[in-house]
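In case you want the letters, here they are:
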Amino acid sequence: MDIALLFGTFLVLLLLGVPVAYSLAAASLVVLLSLGLPSIVLVQQVGAGIGTASLIAIPLFIFAGEIMMRGGISERLISLAAALVGRIRGGLGQVSVLSSLFFGGVSGSAIADVSAVGGTMIPQMVNRGYDRDFAVNVSITAALVALLVPPSHNLILYSAAVGGGISIADLFAAGILPALLMTVTLMFTGYMIARRRGYGVEPFPGMRAVMLRLIAALPGLGLVALIFVGIRAGIFTAVESAAVAVVYALLVTLAIYRMLDWKAFRGAVAHASRTTGVILFVIATAALFGWLLAYLQVPAAAVELLGRIADDRYTVLLVIVVILLLLGTFMDLAPMILICTPIFLPVAKAFGVDPLQFGTVLVLAGGIGLVTPPVGSVLFVGTAIGKIGIGESMRSIWPFWLAAIAVLIVVAVFPQLSLWLPALLKA
């Protein structure tokens, strides 16, 4: 009854439009009172939820991404991508996908990616004769790549939800090959649609222009190398790397690109502060919710239930993936990671699934929910930029959506995609 009360209250509040963090807190409080536990537990668990030192990396990475986005890096990354893949059929769509891979390594956020890259590329595609639905759909699905490449704060959240024992450097490495696979798959899908609709290509600017654009973009791309190599080599921790990333972003945008003025800096501080506040509030309330799940022995019950349904790791993973995709339709990624990890990770581990692979699958499945109604934040941002309705986007997004699902299934079936690079870098 208490488990049903917990999830029932949470779902009802979500359906009524109550923000996720308030829904989590209210549902937890109702169950605390039902169990006769003192209400001080709520305060203690909320405080403990944001008391993890590794979480300091999240606001710092968000701030670094905001500085780079407002300091001229997005224009240079798009210019480099245009020189590299613009001559492929549907050139600007290909540029959007590759730019998302580059910019994702700077921002680590799907919403930041679609705001920066989509905000530039969607109007350009529309002005060059591309259909609005194609321009929006290719941009919002390409933003999923940002969830898997360093410095993805969603992977840091997963590490915190696990509760230790898993390396953030290994998580960053585990997401790289799936991100590259997603990039290639979406580019191929965009090519097929562009060919059917008769979209054109962009002229090749020449090798000299490619090299010049690469040199211009290198300081921005260097942020990714600084973070990944620094953590991987043990030079600094994830939190220290986030602080270094902020200093590096300021140096690049002030001394090299010279495009970060005082107004842009204030905007970066304000937006990063708002985003951090929202994320930390969700983390705090989700920690309370997760504590109640453990208190009510939900993870053990989930292991027993799925053990009855399936008897091998592939079937269990398939069932979990389906559940995650359904949850992603009405739950944002951050609370989904924090709630689902303590429930499904013990199940996955019981059937021999490595936590690194599970983290990649969880983030990717939740990311697909970001482009799926009714609660698809990336979908909302993209359609607002493209000035089209969600229904119009949904009618033609299915090839990209199926491509993302196919990548998710491949990552779930073949653990080497997530585990090979971390193992190689440890050797």
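Residues numbered from 1 in each chain as written. Predicted model: local features only at pLDDT ≥ 70, side-chain atom pairs only at ≥ 80, totals over all residues. Heavy atoms only, no water.

**Things to note about the overall build of the chain**
Spelled out, the test is: Numbering goes from the N terminus for both helices and strands, where a helix is a DSSP run of H or I of at least four residues and a strand is a run of E of at least two. Relative accessibility under 20% of the residue-type maximum defines a buried residue, over 50% an exposed one, and the middle range a partly exposed one, all with a 1.4 Å probe and only protein chains included. Residue-level accessible areas treat just the shown protein chains as cover; the underlying method is Shrake-Rupley with a 1.4 Å probe.
Of regular secondary structure, the chain possesses 21 helices and 0 strands. Viewed in the frame of its principal axes, the chain has a C-alpha envelope of about 70 × 45 × 45 Å. Put simply, the chain has 427 residues, and 54% of those count as buried. For the chain, the accessible area works out to roughly 17000 Å², and carbon and sulfur atoms hold 69% of it.

**Some remarks on the environment of alanine 57**
Quick note on the threshold: We call two residues contacting when some pair of their heavy atoms lies within 4.5 Å.
Considering the arrangement of structural elements, one finds alanine 57 in helix H4 (residues 57-70). Taking the C-alpha atoms as reference, alanine 57 lies 8.0 Å from histidine 153; in sequence the two are 96 residues apart. If we ignore the near neighbours within four places in the chain, the residues touching alanine 57 are Ile156, Ala238, Val239 and Ala242.

**What about the packing of aromatic side chains?**
The condition is simple: A pair of aromatic rings is counted whenever rings of Phe, Tyr or Trp (Trp by its six-membered ring) have centres within 6.5 Å, and the orientation is called stacked for planes under 30 degrees apart, edge-to-face for over 60 and tilted otherwise.
Going through the model one piece at a time under the given rule, you end up with 11 aromatic pairs. Aromatic side chains phenylalanine 134 and phenylalanine 400 sit 6.1 Å apart centroid to centroid with 55° between the ring planes, which places their arrangement in the tilted category. One end of the pair, phenylalanine 134, is in helix H8 (residues 132-142); the other, phenylalanine 400, is in helix H20 (residues 398-413), with 266 residues separating them in the sequence. With respect to class, phenylalanine 134 is no different from phenylalanine 400; both count as buried.

**A few points about a nonpolar patch on the surface**
We apply this condition: What goes into a patch is any residue over 30% in relative accessible area without a salt bridge, connected to like charges within 9 Å or, for nonpolar side chains (Val, Leu, Ile, Met, Phe, Trp, Tyr), within 5 Å. Each reported salt bridge corresponds to a side-chain nitrogen of Lys or Arg within 4 Å of a carboxyl oxygen of Asp or Glu.
Among the surface-exposed residues, Tyr314, Ile409, Val413 and Phe414 lie close enough to one another that they form a single nonpolar patch of about 360 Å² accessible area. Mapped onto the elements of the fold, phenylalanine 414 is located in the loop between H20 and helix H21 (416-426). By relative accessible area, phenylalanine 414 is classed as partly exposed at 46%.

**Some thoughts on the pattern of salt bridges**
Here the structure, examined in full by the defined rule, presents 4 salt bridges. A salt bridge links glutamate 66 to arginine 70; the shortest N-O distance between them is 3.0 Å. Of this pair, glutamate 66 and arginine 70 are both found in helix H4, 4 residues apart, which corresponds to roughly one turn of the helix. Among the salt bridges present, the one from glutamate 202 reaches arginine 128, with a minimum N-O distance of 2.9 Å. On the criterion of sequence distance, the pair formed by glutamate 202 in the loop between helix H10 (168-197) and helix H11 (207-232) and arginine 128 in the loop between helix H7 (110-127) and H8 is long-range, its members being 74 residues apart. Under the relative-accessibility criterion, glutamate 202 is labelled buried at 13%. Three or more residues are tied together by salt bridges with common partners; here these are Asp131, Asp133 and Arg197.

Fair warning: the whole summary comes from geometry, so function is off the table for now.
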